[in-house]
Amino acid sequence: MLLILLFFYCVPRGVVKITPCHDPNDYQAGIRHNLEMVEVFDENFKMGNLVLEYKGMDLLEARKEIVKKLEELGALVKVEDYTHNVAKCERCKNTIEPKVSTQWFVSMKDLAKRAADAVRNDETKFIPKRYEKQYFNWLDNIRDWCISRQLWWGHRIPAYYCKSCNHINVSKVQPEKCEKCGNTDLEQDPDTLDTWFSSALWPFSTLGWPNKENEDYKMFYPTQTLVTGFDIITFWVSRMMSQGLELTDKVPFKDVLIHGIVRDSKRKKNVKNTWKWYRPVRYNR
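Right, let's walk through the structure included here.

Thresholds applied
Residues numbered from 1 in each chain as written. Predicted model: local features only at pLDDT ≥ 70, side-chain atom pairs only at ≥ 80, totals over all residues. Heavy atoms only, no water. Salt bridge = Lys/Arg side-chain N within 4 Å of Asp/Glu carboxyl O. Buried < 20%, exposed > 50% of the residue type's maximum accessible area, 1.4 Å probe, protein only. Pairing = 2+ DSSP bridges. Helix = DSSP H or I, 4+ residues; strand = E, 2+ residues; numbered from the N terminus. Polar contact = N/O pair within 3.5 Å; in protein donor to acceptor, adjacent residues only side chain to side chain. Contact = heavy atoms within 4.5 Å.

**Considerations on the pattern of salt bridges**
Opposite charge on two side chains makes pairing possible when the charged atoms of those side chains draw close.
Link 1 in the chain: One pass over the structure, following the stated rule, counts 16 salt bridges.
Link 2 in the chain: A salt bridge links D26 to K17; its shortest N-O distance comes to 2.8 Å.
Link 3 in the chain: Overall, D26 belongs to the buried group, its relative accessible area being 10%.
Link 4 in the chain: As a salt-bridge pair, K78 and E80 come within 3.5 Å of each other at their nearest N and O atoms.
Link 5 in the chain: Residues joined in a network through salt bridges with shared partners are E39, E43 and K99.

Here is the structure:
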């Protein structure tokens, strides 16, 4: 007991911040430990009610004021610059601030198993074969897929909210009235589908699907060979496999040929490498 007490009082202790609503890793920690989800700022980066002294203040300005407050209290030990990997927007270069919000998800457990089994059973083969490991690692440890994006372009999510009873109407075309209460005042979800969700439909949507009697669909689906880079095996290949099997009951291609990636002198990917090609060759059935 004495040794335990000595260890407790001799080991340095401190405080670690946890903001489950504003950091992906903290969110997972919050879920594990059943922490309260407290939003610090809103969609406009304005501080909320957590500390009334900073309520309504811009996020970046609040940070400066908090540092000043710590100095006044004599609680600030030091300020130093260091290298970090906080994400930045590719377009405007501003820091991306995570925020908890309501999203649409696809349950992936059964879809992932079927896609993985198709490769394990040699219905589809990877060339070189070693890239199967990357494919299996993703699908065998799959999580549900968030398919909603807050973008200004893309395929709009086909969900319509009734302003009267809040019922969610899901339809291929905009419904005239709420299927539950009959109200005609409906508002479509502003989010768009994840680009990989739309891209996953490519092997068959370009051939006339869902009309399976279309001549192009009957002639060219499933396709023979997909040629792509190893960097999107998880994002694209796995999702084309799962979507193809779910919606057509067939693998979308027989072979996945993986090529290298063209990079510049700074190891950045060549933009032209983002273009991929299909070879819609009919194979012997």
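More follows now that the structure is in view.
**With respect to the pairing of strand 5 (residues 159-162)**
Link 1 in the chain: Pairing of strand 5 with strand 6 (residues 168-170) involves three bridges; the strand directions are antiparallel. By the bridge assignment, Y161 is partnered in strand 6 with I168.
Link 2 in the chain: In this antiparallel pair of consecutive strands, strand 5 and strand 6, the connection spans five residues, and N166 shows a positive phi of 65°.
Link 3 in the chain: Pairing of strand 5 with strand 7 (residues 186-188) involves three bridges; the strand directions are antiparallel. Paired with C162 across the strands is L186, a residue of strand 7.

**A few points about the side chain of S242**
Link 1 in the chain: Assignment of secondary structure puts S242 in helix 9 (residues 233-248).
Link 2 in the chain: With a relative accessible area of 2%, S242 lands in the buried category.
Link 3 in the chain: Within polar-contact distance, the side chain of S242 engages the backbone oxygen of R239 at 3.1 Å.
Link 4 in the chain: Not counting chain neighbours up to four residues away, the residues in contact with S242 comprise M108, L111 and A115.

**A closer look at the environment of V256**
Link 1 in the chain: One can find V256 in strand 10 (residues 253-259).
Link 2 in the chain: For V256, a relative accessible area of 0% gives the class buried.
Link 3 in the chain: Linking V256 and L226, residues 30 residues apart in sequence, is a C-alpha distance of 4.8 Å.
Link 4 in the chain: Contacts of V256, omitting those with residues within four sequence positions, involve T124, K125, F126, I127, L226, T228 and V237.

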